[in-house]
Amino acid sequence: MNNINMSFDLYHLWQVCGGQLILIVAGLLLILVDIILMEKDQEIRGRWMGWLTVFIFAATIGHLACREWDLHDTIFMNVFSADKYSIFISIVMTCAGLLAAMMSIGYLRNNGLVRGEYYILLVFAVAGAIGLIQSVDLLMMFITLEVMSLAIYALAAFLKDSSYSQEGAFKYFLLGSFGSALFLFGVAIIYGTTGTLNITQMAQYISGGSYSTLPILVAFAMIMAGFFFKMAMVPFHMWTPDVYEGAPSVITGFMATAVKAAAFGVFMKVLFVGFTPILASSGQPDFAATVNLSALGPYWKPVIWWLALLSMFIGNLIAVSQSNIKRMLAYSSIAHAGYMAVGIIAANGEGRMGVLFYLFAYTLMNIGAFGVVYLIDGMERKAQDLEDYRGLGYIYPSLSFLLSLFLVAMAGLPPTAGFIAKFYVFAAAIKEGYFLLAALGVLTSVIGAYYYLRVIYLMYMKEKVKDVERGPIAAPTVVALVIAALGVVYLGLLPENLASVANLAQQSLAMIF
Amino acid sequence: MNAPILTYVTFLPLLGVIFIMAVPQRSEAGKNVIRAIALVASLFTFLASLRIYHAFDASIGAFQLLEDHVWIPSYGIHYKLGIDGLSFWLILLTTFLTPLTILSTWRAIDKRVKEFQVALLVLETAMLGTFVALDLFLFYVFWELMLIPMYLIIGVWGGERRIYAAIKFFLYTAVGSLLMLVCIIGLVYFHNEHTGHLTFDLLQLYGTSMPRIYEILFFAAFALAFAIKVPMFPLHTWLPDAHVEAPTAGSVILAGILLKMGTYGFFRFAMPLFPQGSAYFAPLIIVLSIIGIIYGALVAMVQPDIKKLVAYSSVSHLGYCMLGLYVLTRQGVEGSVLQMINHGISTGALFLLVGIVYERRHTRLIKEYGGIARIVPIYSTIFLIVTLSSIGFPTTNGFIGEFLILLGAFKVNKIAAVFAATGVILGAVYMLWMVQRVFYGQVKNPKNLALKDMNLREVAYMLPLLVLIFWIGLYPNFFLKKMHSSVEHFINQVKVEDVQEQPHNFAAANNILQLGEVTVLKVKE
């Protein structure tokens, strides 16, 4: 268990980090393609780059899905691990990238922004995210976190002429660097205390029990803060509304889902592999018996309890008073982070499975919602106010119906994926006896229902006040929206398939050793 | 017999939705086609539900026509349907009222016809699903599914303050039902801990033994959800708004069927699942029901708006239903079930009648009318008959329901019965006073002189209701005999557990002891 895996061969490499390899190599090739297409017409260039990116993501998903499912291995001296858990989250993030890329083709054309680096950054962001989720090594986590983040900072600033975009991206960059710095401090303290950067070795050290609590706790708090920042949990959420509002709509959708999935995924990995010693005394990985007996449980559980509650309350409450739909969805994403955190507190298999399911469902509904938002927008910031949505239900019936479906899913009403996802995380928390948190949580979702339904009533129950001209609709966007919508309904009616896969994925966390 | 008839009935309206989607609604002809499809779909649903009538065996008290398929195996969630003597009647009431409401909207809803009919049919599926679901998760899914179509029906096609009313309706219901969801999950895990069996199946969850305090808490959450829907006295404020602002069809469905969800929830879930909790809260609920009966009647008396008056009368009538359920005698419970049906018929009919006159004059204020009996004789006659049924005049349905409830109440709680009986008198006061002001005396308002009487379509959808009013009033046994065994079963379920209080307390004490031991062990560690 302890011996470092030195074996290195290409097949092995391909099996463990094929997803990253495809994305990095393809990303580099895309740079080349972009240069070749430089002279070509904007239209052709945009289409080629876009479709190539879609193909790259599809290929990555294909590789991830067809990869040896039962393989549990690490590579590069225990830096990257391949297990069902990281595969699952990688697929979620690549799906987010795929949907975003499909929508981007239309989005960039509508906004006259056809530039190749957009897609290249998108590919690298996903490559970084997959690397992050596969890392077992804290330093590699930091590096891949930065790879992902830098790409996203640049993407958030992509609307060069929009001061909102620049402001948001700059805030994101400054605060994000701060968050990363905290994380790095935590890593340094861990290294100083335990002498290792590998989370499994760290876990063994901690489960040995012979450690001084204070430095571990300080490091833990700092690492948590770094991740909370990316997860947009209160009180690390201040950047969210500005960035989500300013960034290109499609990128906002991507950010809110892929980055959240990466942050939640790696946070759970660090928490349940590294900090809460999950090794049973016999040395066999055993979740059920040990998680709740963990020495650090009393420290982190109350923290996440409060942060989850605050995220749900503050996110939902402030969202009510927003007038810009992207800002509203930004606050709603803070609230959703709170709901997912409820599943983490439960600290049982159901909870982790619920979070994974939630991440997938949230990816579908959130990217779908932002896809509709960009279409109704026409050009960025032309029609983003909630007031602009008045009476749209009768002018653009299909778009409005799709948006309503995604919003109803976010509100957590059956029969949609959002309801099942919330059911899973709350059921897990109730199983562990967190009745109060669950009760308060569902009450906040009533607040949530209020502002989601407000968009619906504006669309269907008010007369229009101004003419809203939606942008031309691109075929790939429609396909992406339909995929998202079907997914939301399918997972709402028949969640068992995905849930059982998610369950296998969370079980494999124990196998990382 | 093996055909999944409950599934057919529940999802037949959705078939209509698919057809409606294909029809464009630009032209008047298209709109008529849409209305016709909706009507046919709901009529077929009604016909299919008559098959249930034949298949239903009244001698069995337990659930029948069961259908059971695994849905989400890892959580023990099943697609499980079944009916008993109560849901049997409520299903028939639903499938019976829906075609009538669709017929009533033929002219009243002229904009966005397609969306309206789709919402109505989806709502019908959700309502039927709520009545047939025997799995708590499935029940909850249908229960929540009702919200969105009703929210749209009130909010899109309603009156002036429709959005306020729609949101109020939604938020009130959502708060209650989400807390109920938490307690459903809690109950399921509690059951799981003690039997090692994770299931949402209602039949298995019945009789889960748990400490009294848990029963009280769980019951409180369930009761809150259902009491909002009923609505019971302090939680009723959404009802007048929703009723007044909703279009006629919405009010009919709301009063006729949605309110029954609350009493149905008590009957099916809250009381049999937590008999001790129910017993603990029984005095409070009886008092609140009586307050509801009297308060609803008093407030109805002073309403200037006919529709609002009818809405408040619902508060009063549903108070009877709750009282009947809680006296836990056979007469009381059967009266309560019958009163649910009665209220669906009578109040539904009243809302339809108010809608008819509103379509012509676009006002519902009592003072705008007066003496119209001479101008619209057919309308006035029907209105009077429905009024008499609503106030419980002998030979009409209302009389049987209220009489049975009061009879049942008198056996166990004389004071409650006396207070509740005053509601009958008050009911007569507010309804007859309103009828007098609207229909009799001199015609004061010249606008009323041109009022048209009911046309054939309107008579057509009122007639079945009138038939039922007298049918129940003259031969109630036809209806009661179908529910005898189910009601007995229900009373046994709720009462027997009550007697066995002793062992439960032991179980609770044991639990506490165990908890104590665990704590001691932990401390030692």
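All figures in this text were calculated on a predicted structure; none of them were measured in a lab. (Residues numbered from 1 in each chain as written. Chains lettered and ligands numbered in written order. Predicted model: local features only at pLDDT ≥ 70, side-chain atom pairs only at ≥ 80, totals over all residues.)

**Re the overall build of chain A**
Within chain A one finds 20 helices and two strands. Scaling as 2.2 N^0.38, a compact globule of 513 residues should have a C-alpha radius of gyration of about 24 Å, and chain A matches this with 22 Å. Expressed as lengths along the three principal axes of its C-alpha atoms, the size of chain A is roughly 70 × 55 × 40 Å. Across the 513 residues in chain A, those meeting the buried criterion constitute 62%. The long-range share in chain A, meaning contacts at least 24 apart out of those at least 6 apart in sequence, stands at 81%. (Helix = DSSP H or I, 4+ residues; strand = E, 2+ residues; numbered from the N terminus. Rg over C-alpha atoms; globule rule 2.2 N^0.38 Å. Buried ≥ 20, exposed ≤ 12 C-beta atoms within 10 Å, placed from the backbone. Contact = placed C-beta atoms within 7 Å.)

**Section: the overall build of chain B**
Broken down by element type, chain B carries 21 helices and two strands. For a compact globule of 525 residues, the expected C-alpha radius of gyration is about 24 Å, and chain B comes in at 23 Å, within 12% of that figure. If one aligns the C-alpha atoms of chain B with their principal axes, the spans along those axes are about 90 × 55 × 45 Å. Burial analysis of chain B (525 residues in total) assigns 59% to the buried set.

**Considerations on the interface of chain B and chain A**
Contact with chain B, which involves 27 residues of that partner, is made by 25 residues of chain A. Those elements that place two or more of their residues in the side of chain B that touches chain A are helix H5 (136-145), helix H6 (147-157) and helix H7 (162-195) of chain B. Of all the elements, H7 of chain B adds the most residues to the side of chain B that touches chain A, at 15 residues.

**Digging into the pairing of strand S1 (residues 64-72) of chain B**
Residue and element names in this part refer to chain B. Bridge count between S1 and strand S2 (residues 77-83): six bridges; the pairing is antiparallel. Within S2, the position partnered with glutamate 67 by the bridge is leucine 81. Connecting S1 to the antiparallel partner S2 that follows it, the hairpin turn spans four residues, and glycine 76 within it adopts a positive phi of roughly 65 degrees. (Pairing = 2+ DSSP bridges.)

**Digging into the confidence of the model for chain A**
Do not read the predicted coordinates in detail wherever pLDDT is low. All names here are of chain A. Averaged over all residues, the pLDDT of chain A is 86; the fraction at 70 or higher stands at 93%. Scored below 50 in pLDDT, residues 1-5 shows seven contacts in the model against residues more than four places distant or in partner chains. With pLDDT under 50 throughout, residues 279-293 is counted as low confidence; its partners more than four residues away or in other chains account for 22 contacts. (pLDDT = per-residue confidence, 0-100.)

**Quick look at unusual backbone geometry**
Of the consecutive residues valine 234 of chain A and proline 235 of chain A, the connecting peptide bond is found in the cis state with omega at 0 degrees. Here proline 235 of chain A shows up in the loop between helix H8 (213-231) and helix H9 (239-246). The residue after valine 230 of chain B, namely proline 231 of chain B, is reached through a cis peptide bond having omega -10 degrees. Its location among the elements puts proline 231 of chain B in the loop between helix H9 (212-229) and helix H10 (238-245). The backbone of leucine 328 of chain B shows a phi angle near 55 degrees, a positive value even though the residue is not glycine. Turning to its location among the elements, leucine 328 of chain B is positioned in the loop between helix H13 (306-327) and helix H14 (330-361). According to the C-beta neighbour criterion, leucine 328 of chain B is buried, with 20 such atoms within 10 Å. A positive phi angle, near 55 degrees, is found at histidine 362 of chain B, a position not held by glycine.

**Some points on helix H5 (residues 138-156) of chain A**
For H5 of chain A, with 19 residues, the first-to-last C-alpha span of 26 Å sits near the 27 Å given by 1.5 Å per residue. The complete set of buried residues in H5 of chain A reads Leu138, Met141, Phe142, Thr144, Leu145, Met148, Ser149, Ala151, Ile152, Tyr153, Leu155 and Ala156 of chain A. (Expected span 1.5 Å × (residues − 1).)

**Quick word on the environment of leucine 254 of chain B**
Residue and element names in this part refer to chain B. Mapped onto the elements of the fold, leucine 254 is located in helix H11 (residues 248-273). The class of leucine 254 is buried, set by 24 C-beta atoms lying within 10 Å. Linking leucine 254 and isoleucine 372, residues 118 residues apart in sequence, is a C-alpha distance of 28 Å. For leucine 254, the residues in contact, after removing those within four places along its chain, are Ala242, His243, Ala246 and Leu259.

**With respect to the confidence of the model for chain B**
Residue and element names in this part refer to chain B. Chain-level pLDDT for chain B is 85 on average; 94% of the residues reach the 70-or-more range. H5 holds the highest mean pLDDT among the elements of chain B, 92, whereas helix H21 (residues 501-524) holds the lowest, 46. Note that pLDDT drops below 50 for residues 497-510; the model gives that stretch 12 contacts with residues more than four away or on any other chain. Segment residues 515-525: pLDDT under 50, and zero contacts once partners within four positions in sequence are set aside and those in other chains are kept. Model confidence for the complex: the whole-complex pTM is 0.90, and ipTM, which rates the interface, is 0.89.

**Describing the packing of helix H3 (residues 84-110) of chain A against helix H20 (residues 496-507) of chain A**
All names here are of chain A. Here H3 crosses H20 at 130 degrees, and the two axes come no closer than 6 Å. One finds that H3 runs oblique with respect to H20. Contact with H3, carried on its side by Lys84, Tyr85 and Phe88, involves Val501, Ala502, Leu504, Ala505 and Gln506 of H20 and no other residues of that element. When the residues that make up the contact of H3 with H20 are grouped by side-chain class, the tally is six nonpolar, one polar and one charged. (Axes fitted to C-alpha atoms, helices over the stretch in contact; angles between N-to-C directions. Parallel < 35°, antiparallel > 145°, perpendicular 65-115°, else oblique. Nonpolar A, V, L, I, M, F, W, Y, C, P; charged D, E, K, R; others polar.)

**Overview of the packing of H14 of chain B against helix H18 (residues 456-474) of chain B**
All names here are of chain B. One can describe the packing of H14 onto H18 by two numbers: an axis separation of 10 Å at closest approach and a directional angle of 150 degrees. Judged by the angle between their axes, H14 and H18 are roughly antiparallel. In the packing of H14 onto H18, the handedness of the crossing is left-handed. In this structure, H14 uses Asn342, Ile345, Ser346, Gly348, Ala349, Leu352 and Ile356 to contact H18, whose residues at the interface are Glu458, Tyr461, Met462, Leu465, Leu468, Ile469 and Ile472. Residue composition of the contact of H14 with H18, by class: 10 nonpolar, three polar and one charged. (Left-handed = near helix turned anticlockwise from the far one by under 90°.)

**Points about the environment of isoleucine 52 of chain B**
Structurally, isoleucine 52 of chain B is set in helix H2 (residues 28-55). Remark: the alpha-carbon pair of isoleucine 52 of chain B and phenylalanine 88 of chain B, spanning 36 residues in sequence, is separated by 7.9 Å.

**Regarding helix H17 (residues 414-439) of chain B**
Here H17 of chain B spans 38 Å end to end across 26 residues, near enough to the 38 Å set by a 1.5 Å rise per residue. Following H17 of chain B by one or two positions, glycine 441 of chain B has its phi on the positive side, about 85 degrees.

**A closer look at the environment of threonine 363 of chain A**
All names here are of chain A. Tracing the sequence through the fold places threonine 363 in helix H14 (residues 349-377). On the basis of neighbour count, threonine 363 is assigned to the buried category, with 27 C-beta atoms found within 10 Å. Along the sequence, threonine 363 and cysteine 95 sit 268 residues apart, while their C-alpha atoms lie 8.1 Å from each other. If near-sequence neighbours (up to four positions away) are discounted, threonine 363 is found in contact with Val92, Cys95, Ala96, Thr257 and Ala261.

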